[in-house]
Amino acid sequence: MAAYIALDVTAVVSGDVERVRSAYVAMELVALYVIVPLALASLVVGIINALGTPWGLFRHYWVVVKLLLTAAAATVLLLETRTIRSLAEAAGAGADPRDLSGSLPHSIGGLVVLLVITGLSLYKPRGVTRYGWRKQKAPVQS
């Protein structure tokens, strides 16, 4: 994410045409071959992890919020890849890439979501869902 944001800032603020063009092309590569696979892996590994630990997938609010944020971020990212690809194609087409809009708001938003998810993982706020409460109160079966 840090590499992508650095490229995105470069694309938006640089006055050098070739640097901006290169930044857009590199943004596409980083997004498609690094960020998207890691985002999807994060979603899958998170679900598997939650199911295999005492935290459970739906027992604690913080796990549910993390799941929803991760799924939403992955969905927005997948939708945003079309824009990223279009920006890279437009930058490579020969026109002045400094006139392109960039994707900096989405980059910053994605970083904020990642920081919130990380904060939830570290802090683990209290709060059990109704499902979690019922699981805690259920008699242990042998």
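Predicted model, so just to flag it, every value in this text is computed and none were measured. (Residues numbered from 1 in each chain as written. Predicted model: local features only at pLDDT ≥ 70, side-chain atom pairs only at ≥ 80, totals over all residues. Heavy atoms only, no water.)

A. Looking closely at the overall build of the chain. Counting secondary structure elements, the chain contains five helices and zero strands. Written out in order from the N terminus, the α and β elements of the chain read α-α-α-α-α. The globule rule puts the C-alpha radius of gyration for 142 residues at 14 Å, and the 20 Å found for the chain is more than 25% above it. Taken along the three principal axes of its C-alpha coordinates, the chain extends 70 × 20 × 20 Å. The long-range share in the chain, meaning contacts at least 24 apart out of those at least 6 apart in sequence, stands at 71%. When the accessible surface of the chain is summed, it comes to about 9100 Å², and 66% of that surface belongs to carbon and sulfur atoms. A gap of 29 Å separates the mean positions of the 13 positive and 8 negative side-chain charges of the chain. (Helix = DSSP H or I, 4+ residues; strand = E, 2+ residues; numbered from the N terminus. Rg over C-alpha atoms; globule rule 2.2 N^0.38 Å. Contact = heavy atoms within 4.5 Å. Areas by Shrake-Rupley, 256 points an atom, 1.4 Å probe, with all protein chains shown as cover. Lys, Arg positive; Asp, Glu negative; His and termini not counted. Charge placed at Lys NZ, Arg CZ, Asp CG, Glu CD.)

B. Spatial organisation of the environment of V34. Looking at where V34 falls in the secondary structure, it is placed in helix 2 (residues 17-51). For V34, a relative accessible area of 40% puts it in the partly exposed group. C-alpha separation for the pair V34 and M1, spaced 33 residues apart in sequence, amounts to 9.0 Å. (Buried < 20%, exposed > 50% of the residue type's maximum accessible area, 1.4 Å probe, protein only.)

C. Representation of the pattern of salt bridges. Counted by the stated rule, this structure contains three salt bridges. E18 is the partner of R21 in a salt bridge, and the nearest nitrogen-oxygen pair spans 3.4 Å. Of this pair, R21 and E18 both sit in helix 2, three residues apart, which is roughly one turn of that helix. The class of E18 is partly exposed, set by a relative accessible area of 48%. Here R85 and E28 are joined by a salt bridge, their closest N and O atoms 3.3 Å apart. Taken together, the residues R85 in helix 3 (residues 61-92) and E28 in helix 2 connect sequence positions 57 residues apart. Residue class for R85 comes out partly exposed when judged on its relative accessible area of 39%. (Salt bridge = Lys/Arg side-chain N within 4 Å of Asp/Glu carboxyl O.)

D. A look at helix 2. Under the 1.5 Å per step criterion, the end-to-end length of helix 2 is 49 Å for 35 residues, consistent within 8% with the ideal 51 Å. At A31, helix 2 shows its maximal bend, which comes to roughly 40°. If you check which residues of helix 2 are buried, you get V20, R21, A23, Y24, M27, E28, V30, A31, I35, V36, A39 and A50. Looking at the buried side of helix 2, the elements it contacts are helix 1 (2-13) and helix 3. (Expected span 1.5 Å × (residues − 1). Bend = angle between axes of the 7 residues up to and from the residue.)

These values are about where atoms sit, not about what they do.
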